[in-house]
Amino acid sequence: MAICGIAVARQARQPQAEELHSMCQSLATGTAAVQPFSGLAHATLASVAPGSFCSSETLLVACDAELYNDELRESCGSAFSTTTELIGSLYQRYGISFLERLRGAFSVALWDERARQLVLAVDRFGIKRLCYAFCDTEVVFATDPRAIFASGRRAKQVSLGAIVDYFVYNVVPIPQTAFEGVMRVAPGECVVWTPDGVHRQRYWEMRYPEDASGSTGKLARELAQHMEEAVRTTTAGLNPARTGCFLSGGTDSSSILALLTRIHHVPPHAFSIGFAEERFNELEYARIAAKHNQAKHVECLLGPDVVLSTIDKIVAAYDEPFGNSSAIPTYHCAREARERGMEVLLAGDGGDELFGGNERYRTEQIFDLYQAIPRAVRSHLIEPALFKAPPALKLLGKMQRYIRISNTGNPERYCQWRLLRVFPPEQVLGSDMPFRNGHSDVLATVRRHYNSAPAHSELNRLLYVDVKMTLGDDDLPKVVRTAELAGIQVRFPYLDHKLAEFSGRLPAGLKVRHLEKRYLFKQATRDLLPAAILHKRKHGFGLPIGFWLKVEPRLHAWAQDVLLDPRTYQRGYFRREFIETLFVRMQQDDTPYFGDLLWVFLMLELWHRQHVERGAC
C-alpha cells in the first residue's frame, strides 16, 4: 500500500489529476487499484489501495496503516468503516497529539483546510515510510521518491553527500534520501507544512530512564508478560492458517514462534533459509525451534545462482542504494511463505536492539574492561611497558591493538570497521566527491544519534544508535520492502512501543551482564526456548556473498563486468584503483570482508543504472 499527494499555497499552480495519476501509477504494483481522486482547493491526496483515503469539506486523509488498538474506534463515540475515517476523527478531536494514541505501523498524510496545513507522520520505528520535497509554495510527498519525481514537479538529482553516507553505513540514513531536496519523515516524527514553512516535531522517542525496580526474577516475569502481550496484540484478528513466522533459529524469531503457539493453540507455520556454507547456515537451530513448537516448517536452500536470478528485482524495489545483501534471502523466505498461502509473516527484528543481543555490545564491554583500570596505572605503567616492547611478538601486538581501540571513544570505536574509517576517503571517493578534504565528519549522522541519546549508560547509548540506524535505516527496510516485493505483509511484535518503553526502563546491567548478552531476555524465555537456542551464537539471515564473489566464477565475472565497466567511473562516485585493489585483496584473504565491500559498490552502481540512468523512479 502507498500514498502520495501535493499541497500548494494559494498563488501556486494547483494540483492536477494527471499529476496524481502519474504518482499513483509509479507506486502501484501488481493488481493494486488507484483510488479515485478527491481534493480541496489547495491540496490533493491519493492512495493506491482502496480504503486508505477519505475526505470531507475540511479534511483530507490518506494513510497506510496497520493499527492494533481497536478500542480507539469505541473511544471516538461511533463506528468507522475505514482506518482513515478513524484517523480523521482522532485528529479533529486531539489535534496532532492523536499520533501518540496510535499503536501499530502507519504512515499518514492529512490536509487540514481550516488550519491550511499538511501533516505527515510515520510510526515510532519507521516500519512504514514517507518522504517529501518542499519549497515556499508547495510540498510533494509520497511513500517513495519515485512518485515525487513522477509528479513532474521535482527534477531528479543525486545527492553526493548521501552517496558518501552510503559508503559509511551501506544505506542512506534518515532523514536524507539519495536525492537532493527530498527528505524522509523520521520515525516518531511529525512534519507540518504550511505556506509559511516546514516544522518538524517529535511525538515519540525511545528513552532509557532505567527506573524499573525489583528482583531479576520479577523483572523477567514482567518482560515475559510484555512480550506475550506484544505478540497477542500484533496478531489479533489474523487467520492462524494464513499467518507464519520468519524462523532463523535465533532467540527472537524462535521466541515469537513459541508465543504464537501459546496464543493460538495450533501448530504455527515457520519459514527458514539455509546455505551450504556452514558459517551462514542456521537450519539446525531452526529445526530445533520448529520441532519444539510442532511447527509446520518449510526450509528453502539457496545457492549462488540465486544472486543473478534475483538481483534486478531487489535493486528495483529500493529507490535508494541498499547494500544489505541479506535482502536476497529475506525475499526468498517471504516468497516461499506467499506461495504456501501465507498472508502475514511475523519477524523478530528489534529484539537485539531492545534487549542487548548484538555481539558488538559484548565487544564494547570487553574494551571497557581496560578503561575500568585507573588512568594513572594505564598511562604510566601498562601502556609505556607494552608500547616499548617489540611489536613482532604476536601476543603483544594483539594487546597493543586492544589498548588502542579501547582508548578510542565512541562512536569512532563503534564504527571502526566502516569503509571510510578503514580506508581514507581520498583512496575511495571520486575526485569531485565531498568529504575528501579531511575537514568533514564522515560519522556526523551516527555522532548526532550518539550525542542526543536520552540515556545515561554507554550500552543504552549504543542501543539507541542501533534503534535509529541498524533497525530504522537498514533492517526494517530490508524486511518490509522484500516482503512487499513477495506480496506479503510483515509485522514486528517486538516493536510494539509499549514493550520497547518497558525495555528502556530496564537497567543496562540486565541486558548485557558479565559479558552475557540478552541476560534478562534469556531469563524471561527459559520456559519458551530450548537450551540449545538460548546459548547459540548469533547468525541471522546473512548471505555468504563475500565468499561467493570470490569462489563462484559466474558471480566473480559478473562483479568485474559491472565494477570495471568504464561507464561505472563516469559517475565519479569512487575510484577504479580502489576497486581493483579490493578484487586483488579478496583473492588473497580467507575472510568474506573484501567481497562484502565489493557488494556495496555493486549495489550502488546497479542502483544508478536502474533508478537514475534509466529514469526508473
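What counts, and at which threshold
Residues numbered from 1 in each chain as written. Predicted model: local features only at pLDDT ≥ 70, side-chain atom pairs only at ≥ 80, totals over all residues. Heavy atoms only, no water. Pairing = 2+ DSSP bridges. Helix = DSSP H or I, 4+ residues; strand = E, 2+ residues; numbered from the N terminus. Axes fitted to C-alpha atoms, helices over the stretch in contact; angles between N-to-C directions. Contact = heavy atoms within 4.5 Å. pLDDT = per-residue confidence, 0-100. Phe/Tyr/Trp six-rings, centres within 6.5 Å; stacked < 30°, edge-to-face > 60°. Buried < 20%, exposed > 50% of the residue type's maximum accessible area, 1.4 Å probe, protein only. Right-handed = clockwise from strand over helix to strand, strands pointing away. Salt bridge = Lys/Arg side-chain N within 4 Å of Asp/Glu carboxyl O. 1 Å grid on protein atoms, 1.4 Å probe; cavity = no way out; pocket = protein on both sides within 12 Å on 5 of 7 lines; lining within 4 Å. Points joined across faces, edges and corners; volume = space filled by probe spheres on them. Nonpolar A, V, L, I, M, F, W, Y, C, P; charged D, E, K, R; others polar.

With that settled, the discussion passes to the sheet that holds strand E14 (residues 269-275). Within the open sheet, the five strands sit side by side as E15-E14-E13-E16-E17. Their pairing is parallel. Two strands close off the open sheet at either side, each with one partner strand: strand E15 (296-302) and strand E17 (489-491). Neighbour-to-neighbour, the strand axes of this sheet turn through a mean angle of 30°, independent of strand direction. For strand E16 (residues 344-346) and E17, the ladder comprises three bridges, and the chain directions are parallel. Paired with Val344 across the two strands is Gln489, which belongs to E17. In the packing of helix H8 (residues 283-292) onto the sheet, contacts are made with E14 and E15, and the angle to E15 comes to roughly 170°.

Low-pLDDT stretches of the model should not have their predicted coordinates read in fine detail. Here the protein averages 90 in pLDDT, and 92% of its residues register 70 or above. Low confidence marks residues 30-42, where pLDDT is under 50. Its contacts with residues over four positions away, or in another chain, come to 43 contacts.

The next point concerns the packing of aromatic side chains. Within this structure, the stated rule accounts for 22 aromatic pairs. On the basis of an interplanar angle of 85° and a centroid distance of 6.3 Å, the ring pair of Phe355 and Tyr494 is categorised as edge-to-face. Residue Phe355 is found in helix H11 (residues 351-355), and its partner Tyr494 is found in the loop between E17 and helix H19 (497-505); the two are separated by 139 residues along the sequence. Residues Phe355 and Tyr494 agree in their burial class; the two are buried. For the pair Tyr593 and Phe594, a centre-to-centre distance of 5.1 Å together with 80° between the ring planes defines the contact as edge-to-face.

The subject of this paragraph is the pairing of E14. E14 sits mainly inside the fold: seven of its seven residues count as buried. Burial along E14 is two-sided: His269, Phe271, Ile273 and Phe275 and Ala270, Ser272 and Gly274, pointing in opposite directions, are all buried. By the bridge criterion, three bridges tie strand E13 (residues 243-246) to E14 in an arrangement that is parallel. Note that in E14 the partner of Cys245 across the bridge is Ala270. Handedness of the E13-helix H7 (residues 251-264)-E14 crossover: right-handed. Bridge analysis of E14 against E15 gives seven bridges, and the strand direction is parallel. Counted as the bridge partner of Ala270 is His297 from E15. Between the parallel elements E14 and E15, the chain passes through H8 in a crossover that is right-handed.

Counted according to the given criterion, the structure contains 43 salt bridges. Across the pair Asp565 and Arg609 runs a salt bridge, and its minimum N-O distance is 3.4 Å. With a gap of 44 residues between them, Asp565 in the loop between helix H23 (553-563) and helix H24 (576-588) and Arg609 in helix H25 (residues 593-613) connect regions that are remote in the sequence. One connected set of salt bridges, linked through shared partners, spans Asp565, Arg567, Arg571, Glu605, Arg609 and Glu613.

Per the stated rule, a full pass over the model turns up six cavities of 30 Å³ or more. In this structure, the largest cavity spans a volume of roughly 280 Å³. Along the walls of the largest cavity sit 21 residues, with Arg184, Gly472, Asp473, Pro477 and Arg481 positioned nearest its centre. Residue contributions to the lining of the largest cavity peak at six residues, all from helix H18 (residues 458-486). Empty space within the second largest cavity amounts to approximately 110 Å³. What lines the second largest cavity is a set of 14 residues, among which Tyr68, Gly104, Ile127, Leu495 and Asp496 lie closest to the centre. The residue makeup of the lining of the second largest cavity, split by class, is seven nonpolar, three polar and four charged.

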